[in-house]
Amino acid sequence: MSSFLIRPARTSDVPAIKALVAPLASRRILMAKETVAYFEGIQEMLVAQTTGGQLSPVVIGCGALHVMWDDLAEVRTLATAPDWLGQGVGHALVEQLLENARALGVSRVFCLTFEVEFFRRHGFEVMADQSAVDPQVYSELLRSHDEGVAEFLDLARVKPNTLGNTRMLREL
């Protein structure tokens, strides 16, 4: 396999990101999104891209960091091309997303995942206390229209999309 690098996503990467996410969304591992949502969140997204052995670089992974509050962000839309699973792509993406969180001043990072062991290896722990924010912040977050925030708050309206997922948190 050739090597890869992690870089900020560009608008031209949206078709490749959608192609990575689509099979996972169809299996309900990731949330399905409309194309416009990828463009709206492009500045939150990183991609992994091949660097050698190709005529042109290929996007082989993606992941995003979405800030939810002054001390809280979410890792979302983490996906790796099937041929690249086990090659360190997901690890590199998560590590860079955590570094980005630190640079923004975020002290806690949340994820909602089926890949519990993968995230445990990156220092995430299953959330024992489901009320990870104080009541005042909770009421502010309720005003968000973002589905990821609704997932974090464990709202009933997102339950059909999140069945079986595990809520995990990492302190930075």
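Check the entry above for the structure.
Residues numbered from 1 in each chain as written. Predicted model: local features only at pLDDT ≥ 70, side-chain atom pairs only at ≥ 80, totals over all residues. Heavy atoms only, no water.

Caption draft 1: Broad picture of helix α1 (residues 14-26). Here α1 is 13 residues long and its end C-alpha atoms lie 18 Å apart, about the 18 Å a rise of 1.5 Å per residue gives. Within the sequence span of α1, burial applies to V14, I17, L20, V21, L24 and A25. Looking one or two places after α1, you find R28, whose phi comes out positive at around 65°. (Helix = DSSP H or I, 4+ residues; strand = E, 2+ residues; numbered from the N terminus. Expected span 1.5 Å × (residues − 1). Buried < 20%, exposed > 50% of the residue type's maximum accessible area, 1.4 Å probe, protein only.)

Caption draft 2: Layout of unusual backbone geometry. A positive phi is found at R28, a non-glycine position, where the angle reads about 65°. Residue placement: R28 occurs in the loop between α1 and α2 (35-40). Note on R28: relative accessible area 47%, which makes it partly exposed. One non-glycine residue, T77, lies in positive phi territory at about 55°. Tracing the backbone shows T77 in strand β4 (residues 72-80).

Caption draft 3: Quick look at the nonpolar core. The biggest cluster of nonpolar side chains holds 39 residues, and the ones touching the most others in it are I17, V21, C62, V75, V109, F119 and F124. Those residues in contact with V21, other than ones at most four positions away along the chain, are L30, M31, Y38, C62, T77 and A79. In terms of nonpolar packing, the next biggest core, distinct from the first, is built from six residues, M68, F110, M127 and L169 among them. (Core = buried A, V, L, I, M, F, W, Y, C linked by side-chain atoms within 4.5 Å. Contact = heavy atoms within 4.5 Å.)

Caption draft 4: Broad picture of the sheet that holds strand β2 (residues 45-50). Ordered by their spatial adjacency, seven strands build an open sheet running β1-β2-β3-β4-β5-β7-β6, and the pairing between neighbours is mixed. Looking along the sheet, the strands with just one partner apiece sit at the ends: β1 (4-8) and β6 (125-126). Pairing of β6 with strand β7 (residues 166-171), which is carried by two bridges, proceeds in the antiparallel orientation. Residue pairing across strands places E125 opposite L169, the latter belonging to β7. (Pairing = 2+ DSSP bridges.)

Caption draft 5: Helix α3 (residues 89-104), seen in detail. The first and last C-alpha atoms of α3 sit 23 Å apart over 16 residues, in line with the 22 Å expected at 1.5 Å per residue. Taken together, the buried positions of α3 are V89, G90, L93, V94, L97, L98 and A101. The buried side chains of α3 occupy one side of the element, clustering within an arc of 160° when seen end-on. (Arc of directions from axis to C-beta.)

Caption draft 6: Region of interest: the packing of aromatic side chains. Summed over the entire model, instances satisfying the criterion amount to three aromatic pairs. Summarising the aromatic geometry, the rings of F118 and F119 are spaced 5.2 Å apart at their centres and angled 90° between planes, so their arrangement reads as edge-to-face. Residue F119 is classed as buried on the basis of its relative accessible area, which comes to 5%. Ring centres of F119 and F124 lie 5.1 Å apart, and the angle between their planes is 85°; on these two criteria the pair is classed as edge-to-face. Overall, the relative accessible area of 2% leaves F124 in the buried class. Taken together, the aromatic side chains of F118, F119 and F124 make up a single cluster linked through ring pairs. (Phe/Tyr/Trp six-rings, centres within 6.5 Å; stacked < 30°, edge-to-face > 60°.)

These figures capture arrangement, not role.
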